[in-house]
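Secondary and tertiary structure notes
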Amino acid sequence: QVQLVESGGGLVQPGGSLRLSCAASGTIFRFNDWDWYRQAPGKERELVARVTFGGIASYADSVKGRFTISRDNAKNTVYLQMNSLKPEDTAVYYCHRGTYWGQGTQVTVSS
């Protein structure tokens, strides 16, 4: 079966940047959108970014202008470039496509 493997999380200072990646270990044949979700302690999981198979991106208001989602269909990989990070961005980030979910990667923004 397809596995989504995430990487790129870590601890950064406010104003810093991180790039998350999520790669499928097997081929995904359906033309699904790629999503990034996040879940902070005590909060509901929220959709933060989505990119269509054709490359059209959309964002939650909380990250618009700071985050950029992109995908490489040939590599079955999605990325989330996160700039100007804020403490409120601290969460576990999950990639998602179709019926598949990544394992989650921790992003912590703190001084």
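Report on the accompanying structure. Everything quoted here is computed from the prediction, not taken from an experiment.

As a further point, take the state of the cysteines. Under the counting rule described, the total for this entry stands at 1 disulfide. Between the sulfur of Cys22 and that of Cys95 lies a disulfide, 1.9 Å long from S to S. Where Cys22 bonds to Cys95 through sulfur, the torsion about that S-S bond is close to 50°, and the disulfide is right-handed. Separated by 73 residues along the polypeptide, Cys22 in strand β3 (residues 18–24) and Cys95 in strand β9 (residues 91–97) bring together distant segments of the chain. Residue class for Cys95 comes out buried when judged on its relative accessible area of 0%.

Positive phi is not limited to glycine here, since Asn76 has a value of about 50°. Looking at the element boundaries, Asn76 is found in the loop between β7 (67–72) and β8 (77–82). For Asn76, a relative accessible area of 12% gives the class buried. At Ser84, a residue that is not glycine, the phi angle is positive and equals roughly 50°. Here Ser84 lies in the loop between β8 and β9.

This brings us to the pattern of salt bridges. For the coordinates displayed, the defined rule picks out 5 salt bridges. Note that Arg50 is salt-bridged to Asp35, the shortest N-O span being 2.5 Å. Linking Arg50 in strand β5 (residues 46–51) with Asp35 in strand β4 (residues 34–39), this pair joins segments that are 15 residues apart in sequence. Judged by relative accessible area, Asp35 falls into the buried class, the value being 3%. Between Glu46 and Arg38 there is a salt bridge whose closest N-O contact spans 2.8 Å. One salt-bridge network, in which partners are shared between bridges, spans Arg38, Glu46, Arg66 and Asp89.

Rules used throughout
Per-chain numbering applies: the sequence of each chain, read as written, is numbered from 1 onward. Confidence filtering applies because this is a predicted model: local features only for residues at pLDDT of at least 70, side-chain atom pairs given and counted only at 80 or more, and all residues used for totals across whole chains, interfaces and linings. Excluding hydrogens and water, the side-chain values take into account all heavy atoms of the structure. Disulfides are defined as pairs of cysteine sulfur atoms found within 2.5 Å of each other. For the purposes of this entry, the term helix denotes a DSSP run of H or I that reaches at least four residues, the term strand denotes a run of E that reaches at least two, and both are numbered from the N terminus. When a residue's accessible area, from a 1.4 Å probe over protein chains only, is under 20% of the maximum for its type it is buried; when over 50% it is exposed; and in between it is partly exposed. In the sections that follow, a salt bridge refers to a side-chain nitrogen of Lys or Arg positioned within 4 Å of a carboxyl oxygen of Asp or Glu.

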